[in-house]
Amino acid sequence: MYKRIVSVLLFTALCSAMWAQISVNRLFNEFSRAENVEKVKLGGLLMSVAKTFERGNGELANISGIKVLSLEECSPEVKQRFNERVSKLRDNRYETFLNTNDGRERTKILLRFDKDLIRELVIVTSGDDPALISITGKIDPKDIEKWSSKKRDGEQ
């Protein structure tokens, strides 16, 4: 009987810990319905149209979708709830690429890999102007280096 009680308690504790962790998809879905949130989703047909108007070296060629949530216009309560959820963000499918803390502002960049390609890049900011950006596709990590060096060199 004692073993069963301990097993049930351990199982309950484990479930509670897992529920407290927040995934990227859960975070996006939860706050996409918040009042005054600005939400943009580009995928499929819209990405195809955007690629036809692209100038330059075809940076959009391997991007299949973009999702953006901006909570800038949301109430302080919604922003606070988002910031609390971001602090509990744990998604084993992603690797942390960058984690910065600048006063009240915090930024996380997460990467989800499949083989040697980045399948999703997620940027989450918390603080006074919280936001979540997700870019999906088949992105070669070398492309990110190219984009970064163009930015440093002042190219458009």
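Residues numbered from 1 in each chain as written. Predicted model: local features only at pLDDT ≥ 70, side-chain atom pairs only at ≥ 80, totals over all residues. Heavy atoms only, no water.

*Asks:* Would you explain the overall build of the protein in this entry?
*Replies:* Per the secondary structure count, the protein includes 5 helices and 6 strands. Counting over 156 residues, the protein shows a buried share of 28%. Long-range pairs, those at least 24 residues apart, make up 51% of the contacts in the protein with a sequence separation of at least 6. About 10900 Å² of surface is accessible on the protein, with carbon and sulfur atoms providing 54% of the total. (Helix = DSSP H or I, 4+ residues; strand = E, 2+ residues; numbered from the N terminus. Buried < 20%, exposed > 50% of the residue type's maximum accessible area, 1.4 Å probe, protein only. Contact = heavy atoms within 4.5 Å. Areas by Shrake-Rupley, 256 points an atom, 1.4 Å probe, with all protein chains shown as cover.)

*Asks:* Is there a simple way to think about the pattern of salt bridges in this case?
*Replies:* If charged atoms from side chains of opposite charge come close, those side chains can pair. Applying the stated criterion across every chain, the model contains 5 salt bridges. Here Arg81 and Glu30 are joined by a salt bridge, their closest N and O atoms 3.1 Å apart. Residue Arg81 is found in helix 4 (residues 76–87), and its partner Glu30 is found in helix 2 (residues 24–31); the two are separated by 51 residues along the sequence. Residue classification places Arg81 among the partly exposed residues on the basis of a relative accessible area of 31%. Measuring nitrogen to oxygen at the nearest pair gives 3.1 Å for the salt bridge that ties Glu30 to Arg85. Residue Glu30 is found in helix 2, and its partner Arg85 is found in helix 4; the two are separated by 55 residues along the sequence. (Salt bridge = Lys/Arg side-chain N within 4 Å of Asp/Glu carboxyl O.)

*Asks:* Hey, could you run me through the sheet that holds strand 3 (residues 95–102) in this one?
*Replies:* Two modes of strand pairing occur in sheets, parallel and antiparallel, and in both the strands are linked by backbone hydrogen bonds. Taken together, 6 strands build an open sheet; the order of strands is 1-2-6-5-4-3 and the sheet is antiparallel. Two strands bound the open sheet, and with one partner strand each, they are strand 1 (38–43) and strand 3. Taking the axes of each pair of neighbouring strands and ignoring which way they run, one obtains an average angle of 5 degrees across the sheet. Pairing of strand 5 (residues 117–126) with strand 6 (residues 131–139) involves 7 bridges; the strand directions are antiparallel. Counted as the bridge partner of Ile123 is Ile133 from strand 6. (Pairing = 2+ DSSP bridges. Axes fitted to C-alpha atoms, helices over the stretch in contact; angles between N-to-C directions.)

*Asks:* So what exactly am I meant to see when it comes to the pairing of strand 4 (residues 105–114) here?
*Replies:* Residues in a regular strand project their side chains so that they alternate between the two faces of the sheet. Pairing of strand 3 with strand 4 involves 7 bridges; the strand directions are antiparallel. Its bridge partner lying in strand 4, Thr100 is registered against Thr107. Judged from the 9 bridges that link them, strand 4 and strand 5 form a sheet pairing that is antiparallel. Bridge assignment links Asp114 to a residue of strand 5, and that residue is Leu117. If you look at the hairpin formed by strand 4 and strand 5, you'll find 2 residues sitting between the two strands, and Lys115 has a positive phi there, around 60 degrees.

*Asks:* What should I look at first to understand the packing of aromatic side chains in this one?
*Replies:* The way to describe two aromatic rings as a pair is by their centre distance and the angle between their planes. This model, assessed by the stated rule, comprises 1 aromatic pair. Taking the centre distance of 5.1 Å and the plane angle of 85 degrees together, the rings of Phe31 and Phe82 count as edge-to-face. Residue Phe31 is found in helix 2, and its partner Phe82 is found in helix 4; the two are separated by 51 residues along the sequence. Grouping residues by exposure puts Phe31 and Phe82 together as buried. Taking the ring centre of Phe28 as reference, the NZ or CZ of Lys67 above it sits at 4.4 Å. (Phe/Tyr/Trp six-rings, centres within 6.5 Å; stacked < 30°, edge-to-face > 60°. Lys NZ or Arg CZ within 6 Å of the ring centre and 35° of its normal.)

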